[in-house]
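Coordinate inspection notes
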Amino acid sequence: MPSSISNNIKNNQPQIREESIALNEKRRVVITGIGLVSALGLTREETWRGLLEGQSGVDYITRFDASDFPVRFAAEVKNFDPLKFVERKEAKKMDAFIHYALAAAEEAVADAGLSIEPDWAHRVGTYIASGIGGFSVIEREHEKFLRGGPGRISPFFIPASIINLAAGQVSIRFNAKGPNCAAATACSAGAHAIGDSFRLIQRGDADVMICGGSEAAVTPMGVGGFAAMRALSRRNDDPARASRPFDRDRDGFVIGEGAGILILEDLERARARGAKIYAEIVGYGMSADAFHITQPAEGGEGAVAAMRNALRDANIAPDEVDYINAHGTSTKYNDRIETEAIKQVFGEHAYRLAISSTKSMTGHLLGAAGGLEGGISALVIDRQVIPPTINYETPDPDCDLDYVPNEARPASVRYALSNSFGFGGTNVALLFKRYQE
């Protein structure tokens, strides 16, 4: 090896070591913007107001004729006009899940007061999840193929429907040139996107992340597929009361749609620009059930591991948690097993925790659930009010914790946990904290 090169390597070694140490120091990460689109409203404040009022966003399906379906209701996003966010020509090239992501991202970016300038655009990333992606586009283009052959397929079919195009379109819209990713981990996807974004900022790979989830699966194949699995509630005579997490008479989840997008930001950068801070994200836990493709393992082993991993990541004791936004799907297995898992993790403190399932009002947004519910958890911490679990009428002896039944509750919340569990046995827990200097 030439001596000049050898000397350069030796001289550079301390600097390289110092940079590695700096990268290994965990930076604090805060939430500075929230954008929500749900069956309760098209904005953060409309959704929040609906939650506190205990409104149900569930009603009969208007998107298509569901009269022959075994399930005829869903939590649809209502009165949404994509042309408020996308030019008509471009809107036709996107599925609704991309429209929802753009709308929520626009609200979140504006809420955070972000102006992404060219000189630091490479430090801003996008990480937006979906469980299914462009279902309506897939159905439409398949119908065209069956009727007219491959020549009828739109050249925009693929970019309109693939899951990572929500993150891609948001990246293009805001000139965000940092990490650009998508998760497709079923009903844990939105939470994975937030957790992974948290880690990217912690380790210095980005300073800001536009992250969360978006879903638009209220389509004939979406509703029909989940109905065929017998995963959905069949209360066709009373849709508004169909989603009833933890209630003894629950009979399945209600499919919902929408988006939840958060702006995560390095604390020092947020403080330097005087940004409003909703909450700090301090813990991210993941696990796998390794048990069954759709059914959680008895005893909730995977959920237990995810929650414990989040607590360990944050270095806090279980009795410091004040609130859990539960996965709470309104299915027989999930609600009982999630309750068992909470008892294992929190012991006697489980009976002092406030727990609610906002899916009782928004329906289950599948891959977007973690994004929406992460935003709700941050609002709970910021505003110190807990949304209820509505339609809780008949207690289940197997679900005997405090589910904040039917009415919102003012509360002192320092730490809030948000659970997301998905098909394939994938589990995520996110831990949020009230921001303090």
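These lines cover the structure that appears in this document, whether it is placed above or below. Bear in mind that the values here come from a model prediction, so they are computed numbers and not experimental data. (Residues numbered from 1 in each chain as written. Predicted model: local features only at pLDDT ≥ 70, side-chain atom pairs only at ≥ 80, totals over all residues. Heavy atoms only, no water.)

A few words now on the overall build of the chain. Broken down by element type, the chain carries 14 helices and 14 strands. Whereas a compact globule of 437 residues would reach a radius of gyration of roughly 22 Å, the chain reaches 22 Å, a difference of no more than 12%. Principal-axis analysis of the C-alpha atoms gives the chain an extent of 80 × 65 × 40 Å. For the chain, long-range pairs separated by at least 24 residues make up 79% of all intrachain contacts whose partners lie at least 6 apart in sequence. Here the chain has roughly 17,500 Å² of accessible surface; of this, 51% comes from carbon and sulfur atoms. Averaging the coordinates of the 47 positive side-chain charges in the chain and doing the same for the 56 negative ones gives two points 3 Å apart. (Helix = DSSP H or I, 4+ residues; strand = E, 2+ residues; numbered from the N terminus. Rg over C-alpha atoms; globule rule 2.2 N^0.38 Å. Contact = heavy atoms within 4.5 Å. Areas by Shrake-Rupley, 256 points an atom, 1.4 Å probe, with all protein chains shown as cover. Lys, Arg positive; Asp, Glu negative; His and termini not counted. Charge placed at Lys NZ, Arg CZ, Asp CG, Glu CD.)

Attention now moves to a nonpolar patch on the surface. Judged by side-chain polarity, Phe145, Leu146 and Ile153 come together as a nonpolar surface patch covering roughly 260 Å² of accessible area. Judged by its relative accessible area of 36%, Phe145 falls in the partly exposed class. (Patch = residues over 30% accessible without salt bridge, like charges linked within 9 Å, V, L, I, M, F, W, Y side chains within 5 Å. Salt bridge = Lys/Arg side-chain N within 4 Å of Asp/Glu carboxyl O. Buried < 20%, exposed > 50% of the residue type's maximum accessible area, 1.4 Å probe, protein only.)

Here the focus is the pattern of salt bridges. Evaluated as defined, the whole model comprises 36 salt bridges. Here Glu45 and Arg44 are joined by a salt bridge, their closest N and O atoms 3.1 Å apart. On the accessibility criterion, Glu45 (31% relative accessible area) is partly exposed. On the basis of relative accessible area, Arg44 is assigned to the buried category, the value being 11%. Of the charged contacts in the structure, one is a salt bridge between Asp207 and Arg123, with a shortest N-O distance of 3.1 Å. With a gap of 84 residues between them, Asp207 in the loop between α8 (189-202) and β6 (208-215) and Arg123 in the loop between α4 (96-112) and β4 (124-129) connect regions that are remote in the sequence. In this structure Asp207 comes out as buried when scored by relative accessible area, which is 15%. One network of salt bridges, with partners in common, ties together Arg44, Glu45, Glu107, Asp111, Lys276, Asp382 and Arg383.

Spatial strand order, β5-β4-β6-β7-β1-β8-β14-β13-β9-β10: 10 strands in an open sheet with mixed pairing. Strand pairing shows two members of the sheet lacking a second neighbour, β5 (180-181) and β10 (354-356), which therefore form its edges. Sitting on the sheet, α4 is in contact with β1 (29-37), β4, β6 and β7 (258-266), with an inclination near 135° to β1. Strands β4, β5 and β6 of the sheet are contacted by helix α7 (residues 165-174), whose axis makes an angle of about 150° with β4. (Pairing = 2+ DSSP bridges. Axes fitted to C-alpha atoms, helices over the stretch in contact; angles between N-to-C directions.)

We now examine the packing of helix α11 (residues 301-314) against helix α12 (residues 332-346). At a minimum axis distance of 9 Å, the contact between α11 and α12 shows a crossing angle of 40°. When the interaxial angle is binned, α11 and α12 end up oblique. Note on packing geometry: the crossing formed by α11 with α12 is right-handed. Residues Ala303, Val304, Met307, Arg308 and Leu311 of α11 lie in contact with α12, whose contacting residues are Ala341, Ile342, Gln344, Val345 and Phe346. Class assignment of the residues belonging to the contact of α11 with α12 gives a composition of eight nonpolar, one polar and one charged. (Parallel < 35°, antiparallel > 145°, perpendicular 65-115°, else oblique. Left-handed = near helix turned anticlockwise from the far one by under 90°. Nonpolar A, V, L, I, M, F, W, Y, C, P; charged D, E, K, R; others polar.)

To continue, consider the side chain of Ser38. Here Ser38 is to be found in the loop between β1 and α2 (44-52). The exposure class of Ser38 is buried, given its relative accessible area of 1%. A distance of 3.0 Å separates the side chain of Ser38 from the backbone nitrogen of Leu40, its partner in a polar contact. A polar side-chain atom of Ser38 sits 3.0 Å from a polar atom in the side chain of Thr47. With near-sequence residues (within four places) excluded, Ser38 lies in contact with Thr47, Val77, Glu257 and Leu372. (Polar contact = N/O pair within 3.5 Å; in protein donor to acceptor, adjacent residues only side chain to side chain.)

Another aspect to go through is α12. With 15 residues, α12 should reach 21 Å at 1.5 Å per residue; the first-to-last C-alpha distance of 22 Å fits that figure. Burial in α12 covers these residues: Asn334, Asp335, Arg336, Ile337, Glu338, Thr339, Ala341, Ile342, Val345 and Phe346. Contact partners of the buried residues in α12: α11, β9 (323-325), β10 and β13 (415-422). Remark: Gly347 follows α12 within two positions and exhibits a positive phi of approximately 60°. (Expected span 1.5 Å × (residues − 1).)

This brings us to unusual backbone geometry. Although it is not a glycine, Ser330 adopts a positive phi angle of roughly 85°. With respect to the secondary-structure elements, Ser330 resides in the loop between β9 and α12. Phi angles above zero are rare outside glycine, and Gln384 is one such case at about 60°. Mapped onto the fold, Gln384 is located in the loop between α14 (369-383) and β11 (385-386).

Here we come to the packing of aromatic side chains. In the structure shown here, the tally under the stated rule is seven aromatic pairs. For the pair Phe64 and Phe69, a centre-to-centre distance of 5.3 Å together with 55° between the ring planes defines the contact as tilted. Look at Phe64 and you get buried, because its relative accessible area is 15%. Relative to Phe85, the ring of Phe80 has its centre 5.6 Å away and its plane inclined at 15°; by these criteria the two rings are stacked. Under the relative-accessibility criterion, Phe80 is labelled buried at 18%. Aromatic rings pair up to connect Phe80, Phe85 and Tyr100 into one cluster. (Phe/Tyr/Trp six-rings, centres within 6.5 Å; stacked < 30°, edge-to-face > 60°.)

Turning next to the state of the cysteines. Under the defined criterion, the tally for this structure stands at zero disulfides. Cys181 carries a free sulfur, and the closest cysteine sulfur to it, the one in Cys211, is 11 Å from it. Its sulfur unpaired, Cys399 is 18 Å from the next cysteine sulfur, which belongs to Cys187. Residue classification places Cys399 among the buried residues on the basis of a relative accessible area of 1%. (Disulfide = S-S within 2.5 Å.)

Where a strand is regular, its side chains alternate between the two sheet faces. Across the nine residues of β1, nine count as buried, placing the element largely inside the fold. Inspection of the sheet shows β1 paired to strand β8 (residues 279-288) by three bridges, in the antiparallel sense. Each residue of the ladder has a partner; that of Val30, found in β8, is Glu280.

The next point concerns the nonpolar core. Core analysis: the largest hydrophobic core is formed by 47 residues, its most contacted members being Ile31, Ile34, Leu264 and Leu430. Excluding residues that lie within four positions of it along the chain, Leu430 makes contacts with Ala191, Ile194, Gly195, Ile281, Gly283, Tyr284, Ala416, Leu417 and Ser418. Counting 35 residues, the second-largest nonpolar core is a separate cluster that includes Ala91, Val124, Ala166 and Ala176. (Core = buried A, V, L, I, M, F, W, Y, C linked by side-chain atoms within 4.5 Å.)

Function cannot be inferred from these measures alone, as they are strictly geometric.
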